[in-house]
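Reading the structure
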Amino acid sequence: MILVTGGAGFIGSNFVLDWLAVEGTPIVNLDKLTYAGNIRNLASLESDARHLFVRGDIGDGELVARLLNEHRPRAIVHFATESHVDRSIHGPAEFVETNVVGTLGLLEAARAYWARMPAAEREGFRFLHVSTDEVYGSLEATDPAFSETTPYAPNSPYAASKAASDHLVRAYHHTYGLPTVTTNCSNNYGPFQFPEKLIPLVIVNALAGKPLPIYGDGRNVRDWLYVNDHCEAIRIALARGTPGETYNIGGSAERANVDVVTSICAILDELHREGAPHKNLIEYVTDRPGHDRRYAIDATKITRELGWSPKERFETGLRSTVAWYLDHMDWVQSVTSGEYRQWVAMNYGTRSVA
Ligand SMILES: NC(=O)c1ccc[n+]([C@@H]2O[C@H](COP(=O)([O-])OP(=O)(O)OC[C@H]3O[C@@H](n4cnc5c(N)ncnc54)[C@H](O)[C@@H]3O)[C@@H](O)[C@H]2O)c1
């Protein structure tokens, strides 16, 4: 079995569903259920004995130690994060608390557990740390894409907290020999993404006839990856990655924000004619402070060494993502209305449950 942290978030819940469909071995899923976590993403696993959900904080050393000792996972896959750049600009402390201090607590618990494992199991144990391309800073239009040797230059409090967690993971391998693997991935999109991030925000606002906000001149470029491709890359890095190594993961799909928004509008004009043309709702707003201009990932290493490459094209992936949101407006309604928060409070209270 494996222990997943943050498995009720966007990528984490896609990973849990993908893992159980493909690998099939059990998962203990530790998630605090912040506003970004949604246990209903995993409703299809309700009666699946292979999935054990535990509400709790990665920084709760006692709880993590208990879960490790009780369930004896062969790996930890660490997604739990405060993940929204805009929120990190307004309140950086929470990002340091979860992304840095929380990751440190998890590493400490993992180290103690790993040190006591029988020798044969120790060899196979992995701590897989899921990170971001934002740790590398910003590129100019003609710069080469980020590789694993690009120097770290984080620009937002979010990116700085992720960079700090990457450094701690590196240090735990170098100093204590903990078998870690780190992945740095580009922007993900797909089902179950909280509608504060660009793609779901634009879909949800367009359907409601609300403005589609675009920062600055809209020419900021991101390299987009369909979430299932990311999940597969993590599975492969876990199975075949070399301890102590880092792997960049990207979709080779660089798009300017305004082009992403215009594409969503065109798809909506086709799939949901009401309100067309949706691009009339585009509104340029004051740029995010310190907004990175361009991210691009060079994924040569993971392709060459581990045999992974993305399967989904941006155009088809975006179309199925828009279709997913159209089919799941009840999900959007429940995560944005506060009704879901009430449901969590009723079912889980404020306590950890295990
Ligand atoms: N979304 C992207 O485009 C993207 C791109 C590259 C890398 N990443 C990385 O992937 C990982 C997952 O990102 P995401 O977009 O799914 O994030 P998310 O915000 O959707 O989900 C984060 C999850 O972590 C949980 N969580 C937060 N604090 C916690 C704590 N202290 N203890 C336990 N659980 C906690 C939340 O409840 C939520 O379920 C992050 O490490 C992020 O840096 C994301």
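The text that follows walks through the structure, step by step, so that each part is easy to find. All figures in this text were calculated on a predicted structure; none of them were measured in a lab.

A look at unusual backbone geometry
Residue Pro 277 is reached from Ala 276 by a cis peptide bond, and omega for that bond is -5 degrees. Summarising the element assignment, Pro 277 is placed in the loop between helix H9 (257–271) and strand S12 (282–285). The backbone phi angle of Arg 72 is positive, close to 50 degrees, even though this residue is not glycine. One can find Arg 72 in the loop between helix H2 (61–71) and strand S4 (75–78). The backbone of Ser 252 sits at a positive phi, close to 50 degrees, despite the residue not being glycine. Position of Ser 252 among the secondary structure elements: in the loop between strand S10 (246–249) and strand S11 (254–256). Residue classification places Ser 252 among the exposed positions, given a relative accessible area of 67%.

Description of the packing of aromatic side chains
We describe a pair of aromatic rings using the distance from one ring centre to the other and the angle between the two ring planes. Tallied over the entire structure, the rule returns 18 aromatic pairs. Considering the side-chain rings of Phe 192 and Trp 331, the 6.0 Å spacing of their centres and the 65 degrees angle between planes classify their relative orientation as edge-to-face. A residue pair is termed long-range when its members are at least 10 positions apart, and Phe 192 in the loop between strand S7 (187–189) and helix H7 (198–208) and Trp 331 in helix H12 (residues 329–337) qualify at 139 residues. With relative accessibility at 8%, the residue Trp 331 sits in the buried group. Taken together, Tyr 136, Phe 146, Tyr 152 and Tyr 295 form an aromatic cluster joined through their ring pairs. Positioned above the aromatic ring of Tyr 35, the side-chain terminus of Arg 87 is 3.5 Å from the ring centre. The ring of Tyr 295 carries the charged tip of Arg 222 above its face, separated from the ring centre by 4.0 Å.

Quick look at the environment of Trp 324
Among the secondary structure elements, Trp 324 is positioned in helix H11 (residues 314–327). Using a relative accessible area of 13% as the deciding quantity, one classes Trp 324 as buried. Spatially, the C-alpha atoms of Trp 324 and Phe 192 are 8.9 Å apart, while their sequence positions differ by 132 residues.

A short note on the site of the ligand
For the ligand, the set of nearby residues contains 28 residues, the closest of which are Asp 31, Thr 81, Ser 83, Tyr 158 and Lys 162. Note that an oxygen atom of the ligand is positioned 2.6 Å from one of the side-chain N or O atoms of Thr 81. In isolation the ligand exposes 850 Å². Once the protein is present, 96% of that is buried. Residue assignment for the shell around the ligand shows that the elements contributing at least two residues are helix H1 (10–22), strand S5 (126–132), helix H6 (157–176) and S7.

Here's the deal with the sheet that holds strand S2 (residues 27–31)
Taken together, seven strands build an open sheet; the order of strands is S3-S2-S1-S4-S5-S6-S10 and the sheet is parallel. Single-partner strands in this sheet number two, and they are strand S3 (51–55) and S10. In this sheet, neighbouring strand axes are inclined to one another by 20 degrees on average, regardless of whether the strands run parallel or antiparallel. Bridge count for S2 against S3 is five bridges, and the pairing is parallel. Its bridge partner being in S3, Asp 31 is matched across the sheet by Arg 55. Its contacts with the sheet place H6 against S5 and strand S6 (180–185), and it is angled at close to 155 degrees to S5.

Considerations on the pairing of S4
The alternating pattern of S4 places Ala 75 and Val 77 and Ile 76 and His 78 on opposite faces, both of which are buried. Strand direction decides the pairing type here: strand S1 (residues 2–5) and S4, joined by four bridges, are parallel. Across the sheet, residue Val 4 finds its bridge partner in S4, namely Val 77. Alignment of S4 against S5, held across four bridges, turns out to be parallel.

Rules and cut-offs
Residues numbered from 1 in each chain as written. Predicted model: local features only at pLDDT ≥ 70, side-chain atom pairs only at ≥ 80, totals over all residues. Heavy atoms only, no water. Helix = DSSP H or I, 4+ residues; strand = E, 2+ residues; numbered from the N terminus. Buried < 20%, exposed > 50% of the residue type's maximum accessible area, 1.4 Å probe, protein only. Phe/Tyr/Trp six-rings, centres within 6.5 Å; stacked < 30°, edge-to-face > 60°. Lys NZ or Arg CZ within 6 Å of the ring centre and 35° of its normal. Near = heavy atom within 4 Å. Polar contact = N/O pair within 3.5 Å; in protein donor to acceptor, adjacent residues only side chain to side chain. Areas by Shrake-Rupley, 256 points an atom, 1.4 Å probe, with all protein chains shown as cover. Pairing = 2+ DSSP bridges. Axes fitted to C-alpha atoms, helices over the stretch in contact; angles between N-to-C directions. Contact = heavy atoms within 4.5 Å.

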